[in-house]
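# Coordinate inspection notes
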Amino acid sequence: MSDSIGRLYRAVSAARDLDPAASRTARLFQRGPAKMAKKLAEEAIEVVIDALSGKPDAVVRESADLLYNLIVLWAQAGVKPEDVWREMERRERLLGIAEKLPKGPVPKNAPVPVVRRRIVALESRLRKRQP
Ligand SMILES: N=c1c2ncn([C@@H]3O[C@H](COP(=O)(O)OP(=O)(O)OP(=O)(O)O)[C@@H](O)[C@H]3O)c2ncn1[C@@H]1O[C@H](COP(=O)(O)O)[C@@H](O)[C@H]1O
């Protein structure tokens, strides 16, 4: 997936300087960050609506539009895909996949705590449940 996003990022960055009459991306850059933000928000809402409506195929299509508009906004903001991958890897090291960072700023150089979960053998849990 990161390859697809990398390729799209490069294509979007290249389209930035094209003729807005010929390139939707160039037109989006010409219209500026507010329009980009509006399009991104619209696509996010479309993904939500299709997901809640139980339309997985539409979710796929709108997710592709959402990623496109997010990548346009990244390019506008000077963010590169590898910047995001690095942050995701930092979080994974810090807290494990899909765990959210604690609220509030986590110092960039925060030591990676060794998170040890208490391992309770299954049979002892079952014993506890038995009357
Ligand atoms: N990946 C995409 C891509 N995904 C979605 N879209 C555009 O996003 C639109 C989806 O959003 P909407 O439904 O809101 O479209 P819309 O209503 O027509 O948009 P507006 O009327 O609001 O401007 C689609 O109609 C596409 O035009 C994309 N446009 C371009 N790309 C890629 O971006 C690169 C540059 O392409 P050009 O913009 O054609 O130069 C190329 O690699 C393209 O493949």
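Cut-offs used in this document
- Residues numbered from 1 in each chain as written.
- Predicted model: local features only at pLDDT ≥ 70, side-chain atom pairs only at ≥ 80, totals over all residues.
- Heavy atoms only, no water.
- UniProt positions renumbered as here; feature names shortened; annotations may be inferred.
- Salt bridge = Lys/Arg side-chain N within 4 Å of Asp/Glu carboxyl O.
- Helix = DSSP H or I, 4+ residues; strand = E, 2+ residues; numbered from the N terminus.
- Core = buried A, V, L, I, M, F, W, Y, C linked by side-chain atoms within 4.5 Å.
- Buried < 20%, exposed > 50% of the residue type's maximum accessible area, 1.4 Å probe, protein only.
- Contact = heavy atoms within 4.5 Å.

Looking at an unreviewed UniProt entry, the protein chain carries the name Phosphoribosyl-ATP pyrophosphatase, with the source organism given as Bradyrhizobium ivorense. Note on the protein chain: under the UniProt heading Catalytic activity (unreviewed entry), the record states "1-(5-phospho-beta-D-ribosyl)-ATP + H2O = 1-(5-phospho-beta-D-ribosyl)-5'-AMP + diphosphate + H(+)". Turning to the protein chain, the UniProt annotation filed under Sequence similarities (unreviewed entry) states: "Belongs to the PRA-PH family."

### Section: the pattern of salt bridges
Under the definition given, this model contains 5 salt bridges. Between Asp 83 and Arg 86 there is a salt bridge, and its shortest N-O distance comes to 2.8 Å. You can see Asp 83 and its partner Arg 86 sitting in helix 5 (residues 81-95), 3 residues apart, about one turn around the helix. Within this structure, Lys 38, Lys 39 and Glu 42 form a network of salt bridges that share partners.

### Some thoughts on the nonpolar core
Grouped together as the largest cluster of nonpolar side chains are 11 residues: Ile 5, Tyr 9, Val 12, Leu 28, Phe 29, Met 36, Tyr 68, Ile 71, Val 72, Trp 74 and Ala 75. At the level of elements, helix 1 (2-15), helix 2 (24-31) and helix 4 (56-77) are the ones that each hand at least two residues to this core. Counting residues per element, this core draws most heavily on helix 4, at 5 residues. When neighbours within four sequence positions are excluded, Trp 74 is seen to be in contact with Ile 5, Tyr 9, Val 79, Pro 81, Val 84 and Trp 85.

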